[in-house]
Each structure stands twice: as structure tokens, then as C-alpha cells.
Amino acid sequence: MLVADELSPAGIALLTEDFDVRQVDGTDREALLPALADVDALIVRSATQVDAEALAAAPHLRVVARAGVGLDNIDVSTATKRGVMVVNAPQSNIVSAAEHAIALLLASARNIPQADAALKAGEWKRSKYTGVELQGKVVGIVGLGRIGVLVAQRLSAFGVKLVAYDPYVPAARASQMGVRLVGLDELLRESDFITVHLPKTPETKGLIGERELELVKPSVRIVNAARGGIVDEDALAGAMKDGRVAGAGVDVYPSEPCTDSPLFALSKVVVTPHLGASTHEAQEKAGLAVARSVKLALAGELVPDAVNVQGGAIAEDVRPALPLVEKLGRLWTALVGGMASALEVEVRGEIAAEDVQILQLAALKGVFTDVVEDAVSYVNAPLFAQERDVEVSLATYEESPDYRNVVTIRGTLPNGEVHSVSGTLSGVRHVEKLVEIDGYNVDIVLTDHMAFFRYTDRPGVVGAVGRLLGEAQVNIASMQVGRDKEAAHAIVVMTLDSPIPTGLLDEIVATIGAEDGRAVDLSEA
């Protein structure tokens, strides 16, 4: 077993009980690559790059463990293809992250860093640093996932009124925690404090920007300890300079490490260098968590924190469908923009004769990938469904009149609406195709960048969409129109060479009078 980054002593001690543990500086490639030649397990943090070259240098490798939450330094796709399990420690830092967000909120409310700096500089200015209380104030939580819930629980002791925006959480679940679910605009208008706890996805990038900051109270204080870029830095800096935002606490940045931000020049902004997970307790939890996972993996047992599928237990005919079904799940969530109360995965065709339970897990993994803060795996995806009261079912039919095999994800929303997407694999290369959306028949290859518009069918719509995209230098790779039986309504599906900017999406919707328009990014999460 090879430990390539610093690991907590408790984690090392747990591993040495059963394994020969060696250590190497993972940032030194000349030392790392030969050290991988005979190892069964590799443990890293953020510094060591476990890329295709490193994986190829480890022919006996069975598991890679990241002692932390992120996986950006591990090539999970290549690891999966090589049958190498990848694990992380998704719960290790959630308490630390929640506490740090509250620390930033309190520091901003009471001007603590500014007062500290002034006093140490020999200035006694009590009146200059008068702050505000939390009691009786409205705190808006943007994202009610695991960290958002911890923040809500802790803030409730301050006597605040809690509101939250999260389209993927049932109102009843929020109510049980004493939180009132509202729309984003309502949260922005009502809140005295706003704290952000969302994953960073194409949909959440720039979620709080110039338009949103026009809605807030001038006394509001905004905290972002989630991911850089969810709150637009330039827009926030501009709002503070104009007196439209009273204060901010920021721990994360669009590009890190960051030593130059428009926020750094503002006296009413409290900043820290991504310290959300930087506690001794979080590091020890991470070390112990990955040590336990590695022991389970090497013993051939269930690993709750695995983020990919261990090869060998899946039928060969079923395995190629896993990436397709994950993408269908992500597509369903992106198109619906909410969470189902019931979700059915329907499998038709030859593979229905096999054990396809893994396809239900793949669908759930896709549905939650762009929704929750944690890395979603085939193991924890059902837990996310359970937490959100989503009833999940699997139906199999060996009859498939139109395709050799086809998988449909069909979800019922709390209001009774039903939405579905279907996909299939085409040819010997297993080309991933989308073949149905809400009853509209289509036949288009799934790609990283896609766009969908629903509208009343009439001449000129496709031309208008093409013109607007062309003017913006967004190239259309392919396009298809699906119509209902009466030919009254239609959906246009496009694959694109680059993403559609948010402003352009809104312009297209307005120009063609679309009922709905969605830009979807299916690039690797």
C-alpha cells in the first residue's frame, strides 16, 4: 500500500495493522511512478495527480483513495475502465464546512476582522465597527443539502427565521427542520443574511449575479463557502461599492489558489483561503474514512464511499449502458429542474433478461450528480433518494418493438406531472442516443452541450434559432424536431460545439415564444 500525500496519524495506524504501508512524495513523478509498480492500494489527498500515466504504472492497483471530498486530481473514468475502485471521504468535512460558513457570517455581522486589524494597528474605534445581531433576522440558505442542513440546524439556535431555496428538496422535509422553502428571487428579497451551499454546475455558475443582486436588501450580508463562481465576484464587488450589499464572507474563488480578486480591496468583505475543510478534526476523519474504505475494498466487501463501479459483477451486455443511463438521469434533472416524488427506470429489450439492478443505480447517480454537494456513487445514490422521499422502482420488459434495447427514466413530480427521457445504444460502437422526451420521438446523439426548446409548431422557428446561435458564434452540430400527434406542439433538440450563454438562451426563448428552453451540459461531472 502506498501513501503519496500526508495522511493523519490515526489513518496510518489503522492501515499498518493489516498492511505494509510505504510512503512517497506524490508530487515527485520520478519517485511516484516506479513506486506504483507493485501496490494494491494508493492513498492521496489533493497534491498527487492520479492520471492515466499513473494508473498505467500500477498494474496491480485495486483501489485509489482520496482523503477528502474532491476527486479533481483522479482520472475516475480511466480508473473505472481499468477496474480500479475509487473512494473518497464525502462526510469528513461537512461539519467543518458548515461551521466555517457560520464563522464568516458572524465575522461579517460584527466586523471582527476589521476591528481586530484596527486595534492591532493602535486604533480604538468602537463606533466605526458597530455590527448587527442575528436574532429575529431572516437567513436565506441557498442549497439545502447536507452542509446546508447543518448550517440551518446551527443557525436555529440564534433565533433567526430560516428560508431556503432548493428545487430538489421537498417542502415537507424542509418544514420538518423549521425551514420555509421559497423561490430564489423571494429569498433574495427577504433575507438579511444569505449563505450559499450548492454544488458548482453549469446551472449554478453565476446563479447570484448582477440581476439577483439588484433584488437584495442594501443591509444584506452574503456568505459563499461552497464553490467559487456561484456568486459572481465582479457583480458582488460592484454591488458593495454601490452600497447595495452591506457585507460579505468569502472562502472560495473561481480559480484557486487566488491572490487577486476585486473583493480583496473592499473593507467590508471577510475573506479566507478556502479553509472550509481545514480543521484537524476534518483531516483526521478523512484519514480514518479512507483507511476503512481501503480495508473493505481489499477484503472484497461493500465500500459505502466508492464513487465508481468495481468491475466483475456486471453482465457484459449491461456494462456499456451504464454511461448512457447516467447521462439520461442528468438530462432528466436538467430538463425538469426539480425532483421527482416517484422515479421509474424502465428497461426494454435483450438486456432485460440480465440482472439490470445496476441500471437503476446508474439512473439515480445521474439524477443526483448535479443536485447534491457530495460526490454521488452507486452506493450512496439510493440514500439521496431516501432523504428526499423519492420512491424508486425498476421495470423490465424483454419486448422492445423499436430498439434492440432502450432505457427510459420516468419521473412523477409532486404536482402530478410526469416527465420522461429514453435512450439507446446504437451499433457496435455503442453510440449513445436520445430517442424520446416526454412522448416526443427524437433520434439524436447525446453530446456534452445540448439545447432543448418547446414551442407551438409553426414555420420559421428553426430558422430563428439558427440565426441567433450563428450570430453568437455557437455552432450547431446537429438538430432535430419532434412533434406531437396533432402537430400542434414541437420540441427542437440540438447538439452544439460550445455552451449557450444564459443571456442568449433567454433571448431565444423570447424570440420564438417558447414554452420552455434549457441548455444542458453533459460533460463529465
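Here, the structure is the one placed above.
Residues numbered from 1 in each chain as written. Predicted model: local features only at pLDDT ≥ 70, side-chain atom pairs only at ≥ 80, totals over all residues. Heavy atoms only, no water.

Q: Hey, could you go over the overall build of the protein chain for me, with residue numbers and the actual values?
A: When you go through the protein chain residue by residue, the secondary structure sums to 17 helices and 22 strands. Taking 525 residues into account, the globule formula puts the C-alpha radius of gyration at 24 Å, and the protein chain, at 25 Å, falls close to it. Dimensions along the principal axes, computed over C-alpha positions, put the protein chain at roughly 80 × 65 × 45 Å. Within the protein chain, buried positions represent 52% of all 525 residues. Taking the contacts inside the protein chain whose residues are at least 6 apart along the sequence as the reference set, 64% of them involve residues at least 24 apart. Accessible surface computed for the protein chain: about 23400 Å², of which carbon and sulfur atoms make up 50%. (Helix = DSSP H or I, 4+ residues; strand = E, 2+ residues; numbered from the N terminus. Rg over C-alpha atoms; globule rule 2.2 N^0.38 Å. Buried < 20%, exposed > 50% of the residue type's maximum accessible area, 1.4 Å probe, protein only. Contact = heavy atoms within 4.5 Å. Areas by Shrake-Rupley, 256 points an atom, 1.4 Å probe, with all protein chains shown as cover.)

Q: Report on the environment of Val-336, specifying residues and quantitative values.
A: Along the chain, Val-336 turns up in helix α13 (residues 321-336). Sequence separation between Val-336 and Arg-518 is 182 residues; the distance between their C-alpha atoms is 9.2 Å. Filtering out sequence-adjacent residues up to four positions away, Val-336 remains in contact with Leu-413, His-419 and Arg-518.

Q: Tell me about the side chain of Thr-495, and name the residues and values.
A: Residue position: Thr-495 is located in strand β21 (residues 489-496). Side chain to side chain, Thr-495 and Ser-478 meet in a polar contact 2.5 Å long. Apart from residues lying up to four places away in sequence, Thr-495 is in contact with Ile-444, Val-445, Thr-447, His-449, Met-450, Asn-475, Ile-476, Ala-477 and Ser-478. (Polar contact = N/O pair within 3.5 Å; in protein donor to acceptor, adjacent residues only side chain to side chain.)

Q: Please set out empty space enclosed by the protein residue by residue, giving values where relevant.
A: Scanning all chains against the criterion turns up 4 cavities of 30 Å³ or more. Roughly 60 Å³ of volume is contained in the largest cavity. Around the largest cavity sit Asn-224, Gly-228, Gly-229, Val-231, Asp-232, Glu-233, Leu-236, Val-250, Val-252, Tyr-253, Pro-254 and Leu-263, which together line it. Looking at the lining of the largest cavity, its residues break down into 7 nonpolar, 3 polar and 2 charged. (1 Å grid on protein atoms, 1.4 Å probe; cavity = no way out; pocket = protein on both sides within 12 Å on 5 of 7 lines; lining within 4 Å. Points joined across faces, edges and corners; volume = space filled by probe spheres on them. Nonpolar A, V, L, I, M, F, W, Y, C, P; charged D, E, K, R; others polar.)

Q: Any details on the nonpolar core? Residues and values, ideally.
A: Core analysis: the biggest nonpolar cluster contains 51 residues, and Leu-359, Phe-368, Leu-434, Phe-452 and Val-493 have the highest contact counts within it. For Leu-434, the residues in contact, after removing those within four places along its chain, are Leu-328, Leu-331, Val-421, Ser-422, Gly-423, Val-442, Asp-443, Ile-444, Leu-446, Phe-452 and Val-493. Val-138, Leu-184, Ala-226 and Met-240 belong to the second largest nonpolar core, which has 31 residues in total. (Core = buried A, V, L, I, M, F, W, Y, C linked by side-chain atoms within 4.5 Å.)

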